[in-house]
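For reference, the chains in residue letters:
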2 protein chains.
Amino acid sequence: MKHIHVFAVLAVTTLSLGGSILSSASEEGYDNTAVLDGKLPPAYRDWTLITVAHEEGNLNDIRAVLGNDIAVKAYRDGTLPFPDGAVIARVAWAYVPSEENNKAFGHAQSFVAGAPTHIQFMVKNSREYATTGGWGYTQFQQGKPSKLDVAACFSCHLPVKNRDFVFARYSP
Amino acid sequence: MKHIHVFAVLAVTTLSLGGSILSSASEEGYDNTAVLDGKLPPAYRDWTLITVAHEEGNLNDIRAVLGNDIAVKAYRDGTLPFPDGAVIARVAWAYVPSEENNKAFGHAQSFVAGAPTHIQFMVKNSREYATTGGWGYTQFQQGKPSKLDVAACFSCHLPVKNRDFVFARYSP
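Residues numbered from 1 in each chain as written. Chains lettered and ligands numbered in written order. Predicted model: local features only at pLDDT ≥ 70, side-chain atom pairs only at ≥ 80, totals over all residues. Heavy atoms only, no water.

J.: Any chance you could break down the overall build of chain A for me, citing the residues and the numbers?
T.: What chain A contains, in helices and strands, is four helices and six strands. Taken from N to C terminus, the helices and strands of chain A fall in the order α-β-β-α-β-α-β-β-β-α. Out of the 172 residues belonging to chain A, those deemed buried represent 57%. Here the analysis covers contacts within chain A between residues at least 6 apart in sequence; of these, 54% occur between residues at least 24 apart. Here chain A has roughly 7,300 Å² of accessible surface; of this, 55% comes from carbon and sulfur atoms. (Helix = DSSP H or I, 4+ residues; strand = E, 2+ residues; numbered from the N terminus. Buried < 20%, exposed > 50% of the residue type's maximum accessible area, 1.4 Å probe, protein only. Contact = heavy atoms within 4.5 Å. Areas by Shrake-Rupley, 256 points an atom, 1.4 Å probe, with all protein chains shown as cover.)

J.: Please provide a residue-by-residue account of helix α2 (residues 69-77) of chain B, values included.
T.: Each α-helix winds once per 3.6 residues, and so residues spaced three or four apart point in a common direction. For α2(B), the full list of buried residues reads B:I70, B:A71, B:V72, B:A74 and B:Y75. Tucked into the core, α2(B) has its buried residues touching β1 (48-55), β2 (61-67) and β3 (87-97) of chain B.

J.: Account for the state of the cysteines, with residues named and values stated.
T.: Residue and element names in this part refer to chain B. As enumerated under the stated definition, the model contains zero disulfides over all chains in all. The cysteine C156 is free of any disulfide, with C153 supplying the nearest cysteine sulfur at 8.0 Å. With a relative accessible area of 5%, C156 lands in the buried category. (Disulfide = S-S within 2.5 Å.)

J.: Outline unusual backbone geometry, listing residues and values.
T.: Residue and element names in this part refer to chain A. Of note, the amide linkage connecting L80 to P81 takes the cis form, showing an omega dihedral of -5°. Structurally, P81 is set in the loop between α2 (69-77) and β3 (87-97). Its identity is not glycine, yet F165 carries a phi of approximately 65°, on the positive side. On the accessibility criterion, F165 (7% relative accessible area) is buried.

J.: Before we move on, could you go through the relation of the copies chain B and chain A and cite the residues and values that matter?
T.: Two copies of one chain are present, and they are related through a rotation about an axis combined with an axial shift. Each copy superposes on the other: chain B lies on chain A with an RMSD of 0.0 Å after a rotation of 180° and an axial shift of 0.0 Å. On the angle and the small slide along the axis, the relation comes out as a two-fold axis. Mapped onto chain A, 100% of the interface residues of chain B again fall at the interface, so both copies present the same surface. (Least-squares fit on C-alpha atoms with pLDDT ≥ 70 in both.)

J.: Requested: an account of the nonpolar core, with residues and values cited.
T.: Judged by nonpolar contacts, the single largest core of 42 residues is most densely connected at A:L49, A:V52, A:F121, B:L49, B:V52 and B:F121. At the level of secondary structure, the elements contributing two or more residues to this core comprise β1 (48-55), β2 (61-67), β3 and β4 (110-124) of chain A together with β1, β2, β3 and β4 (110-124) of chain B. Among all residues touching B:F121, those that are not within four sequence positions of it are B:V35, B:L40, B:P41, B:Y44, B:W47, B:V87, B:I88, B:A89, B:G136, B:Y137, B:T138 and B:F140. (Core = buried A, V, L, I, M, F, W, Y, C linked by side-chain atoms within 4.5 Å.)

J.: Hey, could you go over the confidence of the model for chain A for me, with residue numbers and the actual values?
T.: All names here are of chain A. Looking at chain A as a whole, its pLDDT mean stands at 85, while 83% of the residues score no less than 70. Confidence drops under a pLDDT of 50 for residues 1-26, and excluding neighbours within four residues, the segment shows 82 contacts in the predicted structure. Across the whole predicted complex the pTM is 0.84, and at the interface the ipTM reaches 0.84. (pLDDT = per-residue confidence, 0-100.)

J.: Summarise the pattern of salt bridges; cite the residues concerned and give the values.
T.: Overall, the coordinates contain 14 salt bridges over all chains when judged by the stated rule. With a shortest N-O distance of 2.5 Å, A:D77 and A:K73 are connected by a salt bridge. Of this pair, A:D77 and A:K73 both sit in helix α2, four residues apart, which is roughly one turn of the helix. Overall, A:K73 belongs to the exposed group, its relative accessible area being 53%. In this structure, A:R169 engages B:E100 in a salt bridge whose closest nitrogen and oxygen atoms are separated by 3.8 Å. Residue A:R169 is found in the segment after α4 (150-157), and its partner B:E100 is found in helix α3 (residues 99-105); the two belong to separate chains. Within this structure, A:E100, B:R163 and B:R169 form a network of salt bridges that share partners. (Salt bridge = Lys/Arg side-chain N within 4 Å of Asp/Glu carboxyl O.)

J.: Go over the interface of chain B and chain A, please, and point to the residues and values.
T.: It is common to give the size of an interface as the accessible area lost on bringing the parts into contact. Listed per partner, the contact involves 43 residues of chain B and 43 residues of chain A. The three residues of chain B that bury the most area against chain A are B:R45, B:V52 and B:F105, which together make up 17% of that side's buried surface. The tally of links between chain B and chain A comes to 22 residue pairs in polar contact (both at pLDDT 80 or more). Those elements giving two or more residues to the side of chain B that touches chain A turn out to be α1 (2-9), β1, β2, β3, α3 and β4 of chain B. For the side of chain B that touches chain A, the leading source of residues is β1(B), giving eight residues. Tallied by class, residues from the side of chain B that touches chain A come to 24 nonpolar, nine polar and 10 charged. Sheet topology note: the β4(A)/β1(B) ladder contains three bridges and is antiparallel. When the bridges of β1(B) are listed, A:V112 appears paired with B:A53. (Buried area = accessible area lost by both parts, 1.4 Å probe. Polar contact = N/O pair within 3.5 Å; in protein donor to acceptor, adjacent residues only side chain to side chain. Nonpolar A, V, L, I, M, F, W, Y, C, P; charged D, E, K, R; others polar. Pairing = 2+ DSSP bridges.)

J.: Can you tell me about the environment of A:A168, naming the residues and giving the values?
T.: All names here are of chain A. Summarising the element assignment, A168 is placed in the segment after α4. Along the primary structure A168 and A64 are separated by 104 residues, whereas in three dimensions their C-alpha atoms are 9.8 Å apart. Once you skip the residues sitting within four places of it in the chain, A168 turns out to touch T51, V65 and Y75.

J.: Requested: an account of the side chain of A:D61, with residues and values cited.
T.: Residues and elements named next belong to chain A. Counting through the fold element by element, D61 comes out in strand β2. In terms of polar contacts, D61 uses its side chain to reach the side chain of R63, at 2.8 Å. Leaving out residues up to four positions away in the same chain, D61 has contacts with A53, H54, E55, A92, W93, A94 and Y95.

What follows is the structure, encoded as structure tokens:
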């Protein structure tokens, strides 16, 4: 996950991912590779929730990991490596206290999602992205692609090579 | 949200919700009212994410709010009150630090979802649940219905009557 941190704090290098032919059964007429050409998958926000997390520090966000049909099926079936066509999205929002909720609870304890920060995608194509573990990485801010140090992404994900380079675990 | 807290710390009263006729277009052949009869909607875990949150204190959880098609459409269209058939699910997991993520980030900052705690549902039927703002409330633990003080749910949700008694806001 260091790429997230790196992105947040340091300058980033230019995103240079070639196009690829990669399709998903989950979104008719949409080629998932397009996400690496800077096009948000039209239905990504309806993808199934994989898990949630909170990052403190410079990120200071609360986040959800979503998966397209191929990714979620692989998670639930325990399929590793993930099949080509799997796409995992990490959506994040500012981590903010909720005065409204705290009032309802009777004391300060509630933190909710504020403004969106950025969205990152991992797209599986074992042939196209062979040099980065079979995954292409990309990032969007305010609906537009934003630069990402893909080599840093890959190097950070190396410790979870035994889970096909994916940190997020499925939460039932 | 006090009912959540109340449930977590105090004894609870008996759940006594009558059955109702309430159907959703989102899950063919499934009548959403069944959730109030103790049957988990078969596809709820695939519902669209509405938002995420973290509760400190006795709850100490990280949670996701999911909605069926009717609920999510209402959120996105800004429809209030929610139409009959809307169902909102709040799924929660233990809030646990991730040593694995922290190692990748290079310092302690990451909290992830641990074991599931409980799931709460709000089911909209303005006629059937007229005495509690048009919403039926229910709760599950480990896949089974668990007791809930519905009157406490309703009274806690009263402050957000202007949002049809729903705390969670949609996170884009």
